[in-house]
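Residues per chain, in single letters:
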Amino acid sequence: MRTIRTFFAVGLAAGVALSAASPTAALNQRKASDARQTNRAVMICDTDAATRRAFTREHGAAPVFITAEEAMRVRPSDPAWSAPRCITEREHARLRDATTAQARVP
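Residues numbered from 1 in each chain as written. Predicted model: local features only at pLDDT ≥ 70, side-chain atom pairs only at ≥ 80, totals over all residues. Heavy atoms only, no water.

Regarding the state of the cysteines
Okay, so step 1: What the rule picks out here adds up to one disulfide.
Okay, so step 2: With its sulfur 2.4 Å from that of its partner, cysteine 45 forms a disulfide with cysteine 86. Taking the sign of the S-S torsion, about -60 degrees here, the bridge from cysteine 45 to cysteine 86 comes out left-handed. Of this pair, cysteine 45 sits in the loop between strand S2 (41-44) and helix H3 (49-59) while cysteine 86 sits in strand S3 (residues 85-87), placing them 41 residues apart in sequence.
Okay, so step 3: In this structure cysteine 86 comes out as buried when scored by relative accessible area, which is 0%. (Disulfide = S-S within 2.5 Å. Helix = DSSP H or I, 4+ residues; strand = E, 2+ residues; numbered from the N terminus. Buried < 20%, exposed > 50% of the residue type's maximum accessible area, 1.4 Å probe, protein only.)

Notes on H3
An α-helix turns once every 3.6 residues. As a result, residues three or four positions apart point the same way.
Okay, so step 1: The set of residues buried in H3 consists of Thr51, Ala54 and Phe55. Each buried residue of H3 lies within a common arc of 100 degrees when the element is viewed along its axis, so the set occupies one face. In H3, the exposed residues that point more than 90 degrees away from the buried face are Arg53 and Arg57.
Okay, so step 2: In this structure, the buried residues of H3 make contact with S2 and S3.
Okay, so step 3: Of the residues trailing H3, glycine 60 is marked for its positive phi of about 80 degrees. (Arc of directions from axis to C-beta. Contact = heavy atoms within 4.5 Å.)

Some words on the environment of aspartate 97
Okay, so step 1: Mapped onto the elements, aspartate 97 comes out in helix H5 (residues 89-104).
Okay, so step 2: Considering only alpha carbons, one finds aspartate 97 and alanine 68, 29 residues apart in sequence, at a separation of 9.8 Å.

Notes on the environment of glutamate 91
Okay, so step 1: Along the polypeptide, glutamate 91 turns up in helix H5.
Okay, so step 2: For glutamate 91, a relative accessible area of 14% gives the class buried.
Okay, so step 3: Expressed as a C-alpha distance, the spacing of glutamate 91 and alanine 71, which sit 20 residues apart in the sequence, is 9.6 Å.
Okay, so step 4: When neighbours within four sequence positions are excluded, glutamate 91 is seen to be in contact with Ile66, Thr67 and Ala68.

See the structure below:
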């Protein structure tokens, strides 16, 4: 069984944007981003039965898989998730590539 890794859907591109801001503004924005991230965890999960059982045992619910596009559409005003969402390795690569491309746009 593979290890399940966690990252956060909201604020992925915020780190890049923070590097250009002033230190005080960056700190305030980082605190706000951290508060949003705590309720929007996304985990890289395999789709095999063992991973599904482990996820259910740890979080009390079956894993809900989302796409990279769905992860990018998450807004701070959206309701908090009761359990982390899952994303496949392939979708995570798409999400990482999309946030990198957004960071390069002037």
